[in-house]
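Chain by chain, the residues run as shown.
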Amino acid sequence: MIICRSKADMRATVRDWKRSGQSVSLVPTMGYLHEGHLSLVRMALKRSDRVVTSIFVNPTQFGPSEDLDTYPRNEERDLALLTSENVDAVFVPDVNEMYGAGGDTFVEVPGLSGILQGALRPGHFRGVSTVVSKLFNIVAPDIAVFGEKDYQQLTLIRQMVRDLDMPIDVVGHPTVREPDGLAMSSRNVRLNARHRQEALALSNSLDLAEGLAKSAPDIAVLEKTIRQELSKAPSAEIRSVDIRDAETLAELEGRVDRPAVVLLAVRFDTVLLIDQRVVAPD
Ligand SMILES: Nc1ncnc2c1ncn2[C@@H]1O[C@H](COP(=O)(O)OP(=O)(O)OP(=O)(O)O)[C@@H](O)[C@H]1O
Ligand SMILES: CC(C)(CO)[C@@H](O)C(=O)[O-]
Ligand code: BAL
């Protein structure tokens, strides 16, 4: 596996592949890899000749009181995992390489960046769309793979690619879960044993919502049921429960009359967990 720490190395590596007509996928991550990330990598390996994974904990998507400093990191382990998956190259720039000589240009998708998670984390999506644009410009992939767990992020990247005519096929991958249903997340390691158990309330409430959307697709009933289920976890601080149009994230009124996505954000102490499920009436 080729390890690129500079943009120049990364560009040169991809240029060589493209000269010989090979297609390239990019899997952007913030590292501390788990089976969710590796599933994205495997999907990318199936869809293109070459796969690049990036590992970069992007400071511009963290708010001042968020967990940038405590975000879990383990580069050595990540590189070993990616090597064993047969990834072709990994891009691991440091903050100076990524932003060092930069000015204050940014990329923003205004409609989607201020709602839902964007309202809870001001500036977050501006940081995401800017760093993903930079990664797209550096790697120039044909395909980019993102997880559906970060559903709003995936929707926003699709919009950005459409609006800016980026020649990239954005592919979503279903959320990968622990055997008991908890969505895999790098932040799960920071849950204590009690919170780890209580965190099952997220996937349990999504299971209930999925069933209810078929039998009684009333938005208010769905939301009440989800909140009731989440409040069975005594330590859960419910940050948001939203039921939105699955494609546009527009608000829905009254009933679920088309595919909808249920989006949850729940805090356990300092750990913010998100989860989602697309539900549809019968
Ligand atoms: N459980 C999962 N299933 C599928 N994709 C996932 C999963 N967890 C993360 N991803 C995807 O992996 C990519 C990199 O995500 P990231 O490195 O932020 O991991 P994470 O586990 O989501 O971390 P965090 O703790 O910040 O939520 C994103 O496209 C994200 O949606
Ligand atoms: C897409 C991403 C790598 C951008 O920093 C990040 O938001 C993530 O890991 O989902
Ligand atoms: N996968 C989401 C990245 C973040 O929470 O900043």
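As recorded in an unreviewed UniProt entry, the protein chain goes by the name Pantothenate synthetase, listed as coming from Roseibium porphyridii. Taken directly from UniProt, the Subcellular location (unreviewed entry) text for the protein chain runs: "Cytoplasm". Here the protein chain is described in UniProt, under the heading Catalytic activity (unreviewed entry), as follows: "(R)-pantoate + beta-alanine + ATP = (R)-pantothenate + AMP + diphosphate + H(+)".

A few words on the nonpolar core. Counting 37 residues, the largest nonpolar core has Met10, Val52, Phe136 and Ile157 as the members making the most contacts within it. Contributing elements (two or more residues each) for this core: helix 1 (7-19), strand 2 (24-29), strand 4 (89-91), helix 7 (124-139), strand 5 (143-147), helix 8 (151-163) and strand 8 (260-268). With 8 residues, the single largest contributor to this core is helix 7. Two domains each donate at least three residues to this core, and these are domain 1 (2-173) and domain 2 (186-279). Sequence-distant contacts of Ile157, that is, excluding residues within four places in its chain, are made with Val128, Val132, Phe136, Phe146 and Val170.

Around ligand 1 sit 20 residues in total, of which His34, Lys149, Asp150, Ser186 and Arg187 are the nearest. In the model, an oxygen atom of ligand 1 is placed 2.6 Å from a nitrogen or oxygen of the Asp150 side chain. Within the side chain of Ser185, one N or O atom sits 2.8 Å away from an oxygen atom of ligand 1. Protein burial of ligand 1: of its 590 Å² of free accessible surface, 95% is covered by the chains. For the shell around ligand 1, the elements supplying multiple residues, two or more each, are strand 2, helix 2 (35-47) and strand 5. The dominant element in the shell around ligand 1, judged by the number of residues it contributes, is helix 2, at 3 residues. For the shell around ligand 1, a count of residues per class yields 8 nonpolar, 9 polar and 3 charged.

So, about the sheet that holds strand 3 (residues 50-55). Taken together, the 6 strands give an open sheet; going across it, the order is 1-4-3-2-5-6, and neighbouring strands pair in parallel fashion. For this open sheet the edge positions go to strand 1 (2-4) and strand 6 (169-173), each flanked by a neighbour on one side alone. When strand polarity is set aside, the average angle formed by the axes of neighbouring strands in this sheet is 25°. Two elements, strand 5 and strand 6, share 5 bridges in a ladder whose sense is parallel. Each residue of the ladder has a partner; that of Gly147, found in strand 6, is His173. Set on the sheet, helix 7 makes contact with strand 2, strand 3, strand 4 and strand 5; between it and strand 2 the angle comes to about 150°. Its contacts with the sheet place helix 8 against strand 5 and strand 6, and it is angled at close to 170° to strand 6.

Turning to the domain arrangement of the protein chain, a few remarks are in order. What the domain assignment reports for the protein chain is domain 1 (2-173) and domain 2 (186-279). Between domain 1 and domain 2 lies a buried interface of about 1700 Å² when both sides are counted; carbon and sulfur atoms form 60% of it. Together, Leu116, Leu120 and Tyr151 form the three largest contributors to the area buried by domain 1 at its contact with domain 2, with a combined 36%. Our enumeration of links across domain 1 and domain 2 arrives at 2 salt bridges. In this structure, Arg187 and Asp67 form a salt bridge, with 2.9 Å as the shortest nitrogen-oxygen distance. Take the side of domain 1 that touches domain 2: its biggest share by element is 3 residues, from helix 8.

Now for the packing of helix 10 (residues 200-215) against helix 11 (residues 219-230). Running from N to C, helix 10 and helix 11 point in directions that differ by 155°, and their axes come no closer than 9 Å. Relative to helix 11, the element helix 10 lies roughly antiparallel. In the crossing of helix 10 with helix 11, the sense of the turn from one axis to the other is right-handed. Packed against helix 10, whose contacting residues are Ala201, Leu202, Asn204, Ser205, Leu208, Ala209, Leu212 and Ala213, the element helix 11 presents Val221, Leu222, Thr225, Ile226, Glu229 and Leu230 at the interface.

Another point: the UniProt feature "binding site: beta-alanine" (unreviewed entry) in the protein chain. The UniProt record marks Gln61 with the feature "binding site: beta-alanine" (unreviewed entry), using the residue numbering of this structure. In this structure, Gln61 sits in the loop between strand 3 and helix 3 (75-84). On the basis of relative accessible area, Gln61 is assigned to the buried category, the value being 9%. Non-local contacts of Gln61, meaning those with residues more than four positions away in its chain, are made with Met30, Glu66, Arg121, His124, Gly127, Val128 and Val131.

A word on the UniProt feature "active site" (unreviewed entry) in the protein chain. Under the UniProt annotation, "active site" (unreviewed entry) lies at His37. In this fold, His37 is placed in helix 2. Once residues within four sequence positions are removed from consideration, His37 is found in contact with Thr29, Gly31, Tyr32 and Ser186. Only 3.0 Å separates the side chain of His37 from the backbone nitrogen of His34, close enough to count as a polar contact.

Analysis parameters
Residues numbered from 1 in each chain as written. Chains lettered and ligands numbered in written order. Predicted model: local features only at pLDDT ≥ 70, side-chain atom pairs only at ≥ 80, totals over all residues. Heavy atoms only, no water. UniProt positions renumbered as here; feature names shortened; annotations may be inferred. Core = buried A, V, L, I, M, F, W, Y, C linked by side-chain atoms within 4.5 Å. Buried < 20%, exposed > 50% of the residue type's maximum accessible area, 1.4 Å probe, protein only. Helix = DSSP H or I, 4+ residues; strand = E, 2+ residues; numbered from the N terminus. Domains from an automatic or database assignment. Contact = heavy atoms within 4.5 Å. Near = heavy atom within 4 Å. Polar contact = N/O pair within 3.5 Å; in protein donor to acceptor, adjacent residues only side chain to side chain. Areas by Shrake-Rupley, 256 points an atom, 1.4 Å probe, with all protein chains shown as cover. Nonpolar A, V, L, I, M, F, W, Y, C, P; charged D, E, K, R; others polar. Pairing = 2+ DSSP bridges. Axes fitted to C-alpha atoms, helices over the stretch in contact; angles between N-to-C directions. Buried area = accessible area lost by both parts, 1.4 Å probe. Salt bridge = Lys/Arg side-chain N within 4 Å of Asp/Glu carboxyl O. Parallel < 35°, antiparallel > 145°, perpendicular 65-115°, else oblique. Left-handed = near helix turned anticlockwise from the far one by under 90°.

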